[in-house]
Amino acid sequence: MVRAGPRRRGRTDAGRRAAASASPDGRVLDELLVPRGAAADLPGTTYREFTTTLSDPRGGPLRGDVVEVDLTSPAVRVDLLTPPVVPAVATVPELAGRAGAIAAVNGGFFDEGGTGAPVGAEIVDGAARTSGVPVGRRPSPPAPPGQGPDTVVGLDGEGRAHLARVAFRGSVVARDRTVPLAGLDGYAVPVDGVGVFDPAWGDAPRGPTTCGSDTDPDAPCSADTLEVRVARGEVVAVGPPGAGRLPDGTVALVGRDRGAASLRGLTVGMSVRLSYGLGAVGSPPLRVALGALPLARGGDVLPGLQDTERAPRTAVGMSSDGSRLWLVTVDGRQDASIGVTLAELARLLTDLGAPVAASLDGGGSTTMVRRGRDEGLTIVNDPAADPLRAVTDSLAVLPR
């Protein structure tokens with residue numbers, strides 16, 4: 001059972017002492033506090049809450065929660081928690097409770113109100129789960145100038161954190177033709193492209209992934225589509241995009257427009273060679289990754305971040321060497337906490353001591369749960385959504 005934490009928490013003397021050294025310049029962060037009555041931290045983690053007042057003409061009170069994780073600790077590891085299939089959602093307490101998590105926050109932006117699938121890439125246990133969708137089909141803020149749209153928060157095989165990029169590459173080779181693949185388990189196949197769907201797509205129909213354009217979800221569905229199913233290196237079926245869970249070991253190649261035309265030479269019984277995956281760019285191979293919006297690098301807030309709309313936010317910070325991770329939520333859209341802009345969120349993360357930072361999904365998705373010593377899982381922030389919003393994934397701290 002998951003319970004909600006108290007909405008107003010007292011401050012301890014120890015918390016005030018922590019606050020005094022938390023942010024010498026006081027740009028955004030005011031006080032970093034040890035919540036009164038909170039259960040003791042489990043090894044490898046430190047939980048704090050923070051308060052401040054944004055004093056500009058639009059300003060007001062602000063509060064949030066922080067879990068700092070020592071990634072070198074043998075007691076903990078960080079993982080990405082997901083529902084059983086890509087186009088599905090669950091609440092953070094549900095995902096964290098099933099996994100026995102110590103702490104967890106909501107993860108990346110997703111197709112809320114639609115398929116529930118992520119907009120960006122996911123890597124779980126070193127394998128690609130989805131490559132995301134075209135940038136114009138992502139209901140998420142644009143990346144800052146000079147930052148790639150396929151940025152991820154990731155952890156490598158040694159457990160160190162990275163703010164990196166991933167790139168999807170894939171192809172199907174049959175006789176003398178090579179057909180490039182555009183993505184894996186995405187809710188929007190690019191115009192003129194071929195998407196790959198595996199059993200992780202579940203029961204969701206694949207035809208709707210050929211609707212809309214690369215920039216407009218309401219554009220008409222493609223008139224020319226084709227699905228080619230491949231199992232054990234052989235084409236086993238050709239026809240219109242189907243529905244229903246694919247058998248283990250079977251993938252469906254779904255083409256639209258010129259992508260469909262490129263698949264038409266493939267016939268049942270033909271041998272094919274299929275390869276695809278996500279590769280890390282600028283980091284070691286990643287064991288875990290999820291799409292994120294860059295906020296800060298090298299201790300500097302990135303230019304061009306949105307600085308007008310204040311909202312609840314979820315963010316991840318990391319040390320320069322990747323040995324420490326900060327999970328952060330900021331409450332918003334309420335009298336006790338007005339929320340922050342993305343630029344303010346970036347300054348908050350650097351105030352906390354994280355030179356590298358990225359935003360995850362926010363707004364009604366923002367949720368943090370935590371388990372203290374001898375304590376059950378508790379929702380420690382004050383989510384704006386009621387009932388609690390179900391999300392596509394969760395970044396979690398688990399016991400080893």
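As the structure is a computational prediction, the values presented were derived from the model and not from experiment.

About the criteria used
- Residues numbered from 1 in each chain as written.
- Predicted model: local features only at pLDDT ≥ 70, side-chain atom pairs only at ≥ 80, totals over all residues.
- Heavy atoms only, no water.
- Helix = DSSP H or I, 4+ residues; strand = E, 2+ residues; numbered from the N terminus.
- Rg over C-alpha atoms; globule rule 2.2 N^0.38 Å.
- Buried < 20%, exposed > 50% of the residue type's maximum accessible area, 1.4 Å probe, protein only.
- Contact = heavy atoms within 4.5 Å.
- Areas by Shrake-Rupley, 256 points an atom, 1.4 Å probe, with all protein chains shown as cover.
- Lys, Arg positive; Asp, Glu negative; His and termini not counted.
- Charge placed at Lys NZ, Arg CZ, Asp CG, Glu CD.
- Salt bridge = Lys/Arg side-chain N within 4 Å of Asp/Glu carboxyl O.
- Core = buried A, V, L, I, M, F, W, Y, C linked by side-chain atoms within 4.5 Å.
- Pairing = 2+ DSSP bridges.
- Disulfide = S-S within 2.5 Å.
- Phe/Tyr/Trp six-rings, centres within 6.5 Å; stacked < 30°, edge-to-face > 60°.
- Arc of directions from axis to C-beta.

## Quick look at the overall build of the protein
Scanning the protein from N- to C-terminus turns up four helices and 26 strands. At 22 Å, the protein has a C-alpha radius of gyration in line with the 21 Å of a compact globule built from 400 residues. Considering only C-alpha atoms, the protein reaches an extent of 75 × 45 × 40 Å along its principal axes. Per-residue burial for the protein yields a buried fraction of 56% across its 400 residues. Long-range pairs, those at least 24 residues apart, make up 70% of the contacts in the protein between residues at least 6 apart in sequence. By element, 50% of the accessible surface of the protein is carried by carbon and sulfur atoms, the whole surface being about 15,900 Å². Taken together, the 42 basic and 46 acidic charged side chains of the protein have centroids lying 2 Å from each other.

## Describing the pattern of salt bridges
Tallied over the entire structure, the rule returns 20 salt bridges. The closest approach of N and O atoms between Glu49 and Arg63, which form a salt bridge, is 3.1 Å. On the criterion of sequence distance, the pair formed by Glu49 in strand E3 (residues 45-54) and Arg63 in strand E4 (residues 60-70) is long-range, its members being 14 residues apart. A salt bridge links Arg63 to Asp65; its shortest N-O distance comes to 3.1 Å. Assigned by exposure class, Arg63 and Asp65 land together as buried.

## Quick notes on the nonpolar core
Among the nonpolar cores identified, the biggest contains 29 residues, and Val153, Leu325 and Leu327 are the most heavily contacted of them. Within the second largest apolar cluster, 27 residues are counted, among which are Val172, Leu253, Leu266 and Leu278.

## Overview of unusual backbone geometry
The linkage connecting Asp386 with the following residue, Pro387, adopts the cis geometry, with an omega of 5°. The backbone of Asp125 sits at a positive phi, close to 55°, despite the residue not being glycine. Assignment of secondary structure puts Asp125 in the loop between strand E7 (122-124) and strand E8 (127-130). In this structure, Asp185 takes a positive phi of about 45° despite not being glycine.

## Some remarks on the environment of Arg98
Here Arg98 is to be found in helix H2 (residues 92-99). On the basis of relative accessible area, Arg98 is assigned to the exposed category, the value being 59%. Residues Arg98 and Gly249 lie 151 residues apart in sequence; the distance between their C-alpha atoms is 27 Å.

## A look at the sheet that holds strand E12 (residues 183-184)
What the five strands build is an open sheet, ordered E12-E13-E16-E14-E15; its pairing is mixed. Single-partner strands in this sheet number two, and they are E12 and strand E15 (234-239). Direction of pairing for strand E14 (residues 225-231) relative to strand E16 (residues 250-256): antiparallel, over a ladder of seven bridges. Bridging across to E16, Ala231 finds its partner in Thr250.

## Notes on the state of the cysteines
A full pass over the atoms with the stated rule returns one disulfide. Residue Cys211 pairs covalently with Cys221 via a disulfide, S to S 1.9 Å. Looking down the S-S bond of the Cys211 and Cys221 bridge, the torsion is 90°, so its handedness is right-handed. Taken together, the positions of Cys211 in the loop between strand E13 (194-197) and E14 and Cys221 in the loop between E13 and E14 put the pair 10 residues apart, joining distant regions of the chain. Classification of Cys221 as partly exposed rests on a relative accessible area of 47%.

## A few points about the packing of aromatic side chains
In the structure shown here, the tally under the stated rule is one aromatic pair. When the ring of Phe197 is compared with that of Trp201, the centres are 5.2 Å apart and the planes differ by 70°; the resulting orientation is edge-to-face. As far as burial versus exposure is concerned, Phe197 and Trp201 are alike and both buried.

## Details of the side chain of Thr329
Along the chain, Thr329 falls in strand E22 (residues 324-330). Excluding residues within four positions of it along the chain, Thr329 makes contact with Phe50, Gly64, Asp65, Val105, Arg313, Thr314, Thr366, Thr367, Met368 and Asn381.

## Some words on H2
Restricting attention to buried positions, one finds in H2 the residues Val92, Pro93, Leu95 and Ala96. Down the axis, H2 shows its buried residues gathered within 165° of arc, on one side only. Looking one or two residues beyond H2, the residue adopting positive phi is Gly100, at roughly 70°.

## Section: the pairing of E8
In terms of strand pairing, E7 meets E8 through three bridges, oriented antiparallel. Paired with Ile123 across the bridge in E8 is Ala128. Between the antiparallel neighbours E7 and E8 lie two residues, among them Asp125 with a positive phi of about 55°.

## Remarks on the environment of Gly332
Examined against the element boundaries, Gly332 turns out to sit in the loop between E22 and helix H4 (342-351). What makes Gly332 buried here is its relative accessible area of 1%. Each C-alpha atom, one on Gly332 and one on Gly362, is 9.7 Å from the other, the two residues being 30 residues apart in sequence. Not counting residues within four places of it along the chain, the set of residues in contact with Gly332 comprises Ala311, Pro312, Ser337, Ile338, Gly339 and Ala384.

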